[in-house]
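If you want the building blocks of each chain, they are given just below.
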Amino acid sequence: MPTLDKDKGIADAVEYFVKEEKMKRRGNVQLSEALETLERVSKSLGISADNIIALCEVAASGRHGDDISCKLIRCLIPAKEFPDRAVMVSISYICSNIPSSKIQAMLLRLLIAVYDYIDKKETLQKLGYLLFCFIENSILTPYICHLLYLLTRKEDVRLFRVRKLLDLQTKLGPQSYLIGLLSIYKLYFPNLVSIVIPSTKKHFFPTRDRQWCSIIREVQEGNQNIETSHLKLSLELSEKLRAAETTMLQGIPPAKRRKMEPIPVVHSSRSNLTVKMSSRLIAMLEEKPIPFVQIPDIDTLLRNPDKVELPSQMGAALRSPLLQCFMSYSADPLMTCRFSYWLQDTLCDELLDSTVTPSCFPRIESILEKLIQFTEFIQEGIPAVDQILFRYLQVWNGMDFRQHMFRLITRCRLYPFSLLNENVLDPLRKLYVRTSVFIKCQITMCLTQLLRNYVVVEIHRYNQKYPDSKPSVSIFEDDIGPFEPLSTVQGLIQFVDRLNCAGLTLENNHNLLLHFTLTFSEMVSTLYTRYDLPCVYLPSRHIIRAFLTDNAMGPARLCGIINRYKENCQKLKNDLKGTESEAVRLRLKETVHSLNIVIMDLCDTLWRRKAFTHGRTDSYFNFDSTLLDGGSNDGLSLYLHQAFLPFSLLFLKETQPKEHIGHPRGIQEVRDTFMEFLQRENISEVKEFITNTITRYRLSTTTVT
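Residues numbered from 1 in each chain as written. Predicted model: local features only at pLDDT ≥ 70, side-chain atom pairs only at ≥ 80, totals over all residues. Heavy atoms only, no water.

Draft legend 1. Up close: the overall build of the protein chain. The helix and strand inventory of the protein chain stands at 29 helices and 2 strands. When contacts within the protein chain are restricted to residue pairs at least 6 apart in sequence, those whose partners lie at least 24 apart make up 72%. Element-wise, carbon and sulfur atoms account for 52% of the exposed surface of the protein chain, whose accessible area totals about 32,500 Å². (Helix = DSSP H or I, 4+ residues; strand = E, 2+ residues; numbered from the N terminus. Contact = heavy atoms within 4.5 Å. Areas by Shrake-Rupley, 256 points an atom, 1.4 Å probe, with all protein chains shown as cover.)

And the structure:
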């Protein structure tokens, strides 16, 4: 097994920087070799805790100059954990004003980069707010605000700090880092922060050190793979999640319990000791806040939800089912804000970073899978995820994480159609026209699920919130503002209808694509009867393609869809009587007119044998009569249609003697029996359609009954 600091020159390099008081910079071969050794070892195996402390002392003192000190700080990549002693050294030197502002800024950036890997966060929690004294330093302010954003607890919010930040904002203007720290203060004490936090400003602290953070993560993963290759993947989880998870991790040294991905484990800033459920725990809960990591079960959590100290990183919710339950139960704006910030920052680094390679895909897929499971658990989309998704879809190649992207899109929040079209639908359209039929089917299924999410969940959530601005009905709140949700649904339906029309043309009416197209139309046909949404939209003329296929699925499902549209229109028409919904009534009138044309066409072809001699000018089957022969009207009848012809032959074999099987045209006299045969073969939609539309047939069957 490789050892830490494997390169034998690492000890000499550290000793060189520690013992040398003054050194030449130009032409100093020993200096160049020492720096090269440190960089090579730190980027491959990382630096041990003792060497980090020693180099941190040297770099923070600035005795070798700003350039060398900054290079040394960048080499402080922990092999396992970042020691709390190095945290104390860094904060001590920052507060002493001994190093230059450049070195102070690098030390702050170091603490932010290794925040998830710090051995004991208690030290950083106790000393962190000493940095607030330097909040007016224009070079340090962005990094101090970022670090304090991660550290802030309720007891850290004080009126003098709020005033200082508001004064800085008055001097510097609305800087994103100041707004970010003020947003946390406002969540704890809304009465202290009077400013309005912009709803569009979600990414308060742009990451300048993505490559550095990426190297730190790769070193951690590499060491984890080396040291714990014999452990099961399940042992990644923290022993503090639940009782079952605690059992799995018993006996494993804490130093080996390193994460393989950016999702943090449940960790408290106060304590990382496990306390069993007892009278002592109950007493602690009654007296003062207790770290979340010490909560053993949901019963204990729900008895005292206001006395629980949240984990240091809310991103741990993706690992902890208990924390997910707590978030959904309390819907605390502070929790959701911190979780959204972590999520947005992590997804930016993982998805939008141009340095991401295929070797990173398993880690990213793991994050996305946990995120999807979380959204399914809370049954709503996350605005921060939508914002990253909007940006990623603009540069997406359509191949990477395709299944995860489609599943995230299906949970997208309800937005004005112009915003949805620009950020989601248009990128999907570009992907749709240049990919295979199978990806076209996936896109159609994704948009069908998105429509279902809108009509089942999102519109009801919107109607509860507006126009009366009622209390929150969501865990994650958005600030889109009032708009017309029905227009978004109608726009989405029209978009998918046009997309399906183009897809069927490009793929020559492929049966698989036709199946997903009909599935979408089946859902649209029941928007009012099933989902109580006053929206009736009949697909464009491409729907008739389903009738002309050689697969019985097409015409049969089309008959079922038309049946549902008819029920939808009738119910909506009855419910609109006595109301003033003029716009809905006008759209319904246009839809009914188009629906009647389709019904007449299907009746003329299937039942009346007048497919091309109906005498109507608005029919979907208008062909030049000179191109048709005399028997063409029978070609699309119920018993001669190319999709039903195999069933006609099977029907004749069952009902006629083997030596006297006649022509399928003979079925015309026993069409009722043939439709019962089709119903036995699970093609019941045709009989339902004929029964509901042909008045004479309906009356005759009623009389017989």
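Draft legend 2. Here's a closer look at the confidence of the model for the protein chain. For the protein chain, per-residue confidence averages 80 on the pLDDT scale, and 84% of positions sit at 70 or higher. Within the protein chain, the lowest mean pLDDT, 35, falls on helix α12 (residues 243-249), and the highest, 95, falls on helix α19 (residues 402-409). Contacts of residues 1-5 to residues separated by more than four positions or lying in other chains number 15 contacts, the stretch itself having pLDDT below 50. (pLDDT = per-residue confidence, 0-100.)

Draft legend 3. Main features of the nonpolar core. With 220 residues, the main nonpolar core has F17, Y185, F339, I382 and L447 as its most contacted residues. In terms of residue count, helix α21 (residues 437-465) provides more of this core than any other element does, 12 residues in total. Residue contacts for Y185: discarding those within four places in its chain leaves Y129, F132, T152, V157, R161, V162, L165 and V193. (Core = buried A, V, L, I, M, F, W, Y, C linked by side-chain atoms within 4.5 Å. Buried < 20%, exposed > 50% of the residue type's maximum accessible area, 1.4 Å probe, protein only.)

Draft legend 4. Quick look at the pattern of salt bridges. For the structure on display, the rule yields 21 salt bridges. Put simply, R153 and E155 hold a salt bridge, and the shortest N to O gap is 3.4 Å. For R153, a relative accessible area of 19% translates into the label buried. Look at E155 and you get partly exposed, because its relative accessible area is 32%. (Salt bridge = Lys/Arg side-chain N within 4 Å of Asp/Glu carboxyl O.)

Draft legend 5. How the structure looks around empty space enclosed by the protein. Taken as a whole, this structure holds 8 cavities of 30 Å³ or more when the rule is applied. For the largest cavity, the calculated volume is near 170 Å³. As for the largest cavity, its lining consists of 15 residues, and the residues nearest its centre are R413, R461, Y462, K465 and D478. Class assignment of the residues belonging to the lining of the largest cavity gives a composition of 7 nonpolar, 2 polar and 6 charged. (1 Å grid on protein atoms, 1.4 Å probe; cavity = no way out; pocket = protein on both sides within 12 Å on 5 of 7 lines; lining within 4 Å. Points joined across faces, edges and corners; volume = space filled by probe spheres on them. Nonpolar A, V, L, I, M, F, W, Y, C, P; charged D, E, K, R; others polar.)

Draft legend 6. Looking closely at the environment of M106. Its location among the elements puts M106 in helix α6 (residues 101-113). By relative accessible area, M106 is classed as buried at 6%. Along the primary structure M106 and L140 are separated by 34 residues, whereas in three dimensions their C-alpha atoms are 9.3 Å apart. In this structure, M106 is in contact with C70, I73, R74 and W212, ignoring residues within four places of it in sequence.

Draft legend 7. Looking closely at the packing of helix α4 (residues 66-74) against α6. One way to put it is that α4 packs onto α6 with a least axis distance of 10 Å and a crossing angle of 5 degrees. With respect to each other, α4 and α6 are oriented roughly parallel. On the side of α4, the interface is formed by D66, D67, S69, C70, I73 and R74, while α6 contributes K102, I103, M106, L107, R109 and L110. Each residue belonging to the contact of α4 with α6 can be placed in one class, and the counts come to 6 nonpolar, 1 polar and 5 charged. (Axes fitted to C-alpha atoms, helices over the stretch in contact; angles between N-to-C directions. Parallel < 35°, antiparallel > 145°, perpendicular 65-115°, else oblique.)

Draft legend 8. View of unusual backbone geometry. Within the chain, D532 stands out as a residue other than glycine whose phi angle is a positive 60 degrees. Examined against the element boundaries, D532 turns out to sit in the loop between α23 (511-524) and α24 (553-575). With a phi angle near 65 degrees, N682 is a residue other than glycine that sits in the positive phi range. Inspection of the secondary structure assignment puts N682 in the loop between α27 (671-680) and α28 (685-693).

Draft legend 9. Structural view of the side chain of D345. Structurally, the position occupied by D345 is in helix α16 (residues 333-351). Exposure remark for D345: the relative accessible area of 15% places this residue in the buried category. Setting aside chain neighbours within four positions, we find D345 in contact with H203, F205 and T207.

Draft legend 10. Layout of the packing of α21 against α23. Contact pair α21 / α23: the axes reach a minimum separation of 9 Å and the direction vectors enclose 10 degrees. Classified by the interaxial angle, the pair formed by α21 and α23 is roughly parallel. Residues V437, F438, K440, C441, T444, M445, T448, L451, R452 and V455 of α21 touch α23, and the partners they reach there are L512, L513, F516, T517, F520, M523 and V524. Looking at the contact of α21 with α23, its residues break down into 12 nonpolar, 3 polar and 2 charged.

Draft legend 11. Representation of helix α20 (residues 417-432) within the structure. Under the 1.5 Å per step criterion, the end-to-end length of α20 is only 19 Å for 16 residues, more than 12% shorter than the ideal 22 Å. The largest bend in α20 comes to about 40 degrees, at L425, with the proline P427 one to four residues further on. Every buried residue of α20 is accounted for by L420, N423, V424, L425, P427, L428, L431 and Y432. (Expected span 1.5 Å × (residues − 1). Bend = angle between axes of the 7 residues up to and from the residue.)

Draft legend 12. Layout of the packing of aromatic side chains. Following the criterion strictly, the structure yields 19 aromatic pairs and no others. For the ring pair Y129 and F132, a centre distance of 6.3 Å and an interplane angle of 25 degrees mean the geometry is stacked. Residue classification places Y129 among the buried positions, given a relative accessible area of 9%. When the centroid spacing of 6.3 Å and the interplanar angle of 65 degrees are considered together, the rings of F204 and F205 count as edge-to-face. The buried category is assigned to F205, whose relative accessible area is 3%. (Phe/Tyr/Trp six-rings, centres within 6.5 Å; stacked < 30°, edge-to-face > 60°.)

Draft legend 13. Focus on α16. In this model α16 runs 26 Å from its N-terminal to its C-terminal C-alpha over 19 residues, within 8% of the 27 Å that 1.5 Å per residue would give. For α16, the buried fraction is high: 18 of the 19 residues fall into the buried class.

Draft legend 14. Just the environment of S487, in detail. Within the element layout of this structure, S487 appears in helix α22 (residues 485-506). Distance in space between the C-alpha atoms of S487 and F417 is 7.1 Å, their sequence separation being 70 residues. Side-chain polar atoms of S487 contact the backbone oxygen of E484, separated by 2.6 Å. (Polar contact = N/O pair within 3.5 Å; in protein donor to acceptor, adjacent residues only side chain to side chain.)

Draft legend 15. Summary view of the side chain of T693. In this structure, T693 sits in helix α28. Taking the relative accessible area as the measure of exposure, T693 reaches 16% and is therefore buried. Of the polar contacts made by the side chain of T693, one reaches the backbone oxygen of F689; its length is 2.6 Å.

Draft legend 16. Geometry of the environment of R545. Along the chain, R545 turns up in the loop between α23 and α24. Looking at R545, the relative accessible area reads 24%, which means it is partly exposed. Sequence spacing of R545 and C501 is 44 residues, and the spatial spacing of their C-alpha atoms is 9.4 Å. Setting aside its immediate chain neighbours within four residues, R545 contacts C501, L504, T505 and N509. A polar atom in the side chain of R545 sits 2.8 Å from the side chain of T505.

Draft legend 17. Examining a nonpolar patch on the surface more closely. On the surface, a cluster of nonpolar side chains totalling about 260 Å² of accessible area is made up of I298, L302 and Y329. The topology assignment puts L302 in helix α14 (residues 298-303). Using a relative accessible area of 35% as the deciding quantity, one classes L302 as partly exposed. (Patch = residues over 30% accessible without salt bridge, like charges linked within 9 Å, V, L, I, M, F, W, Y side chains within 5 Å.)

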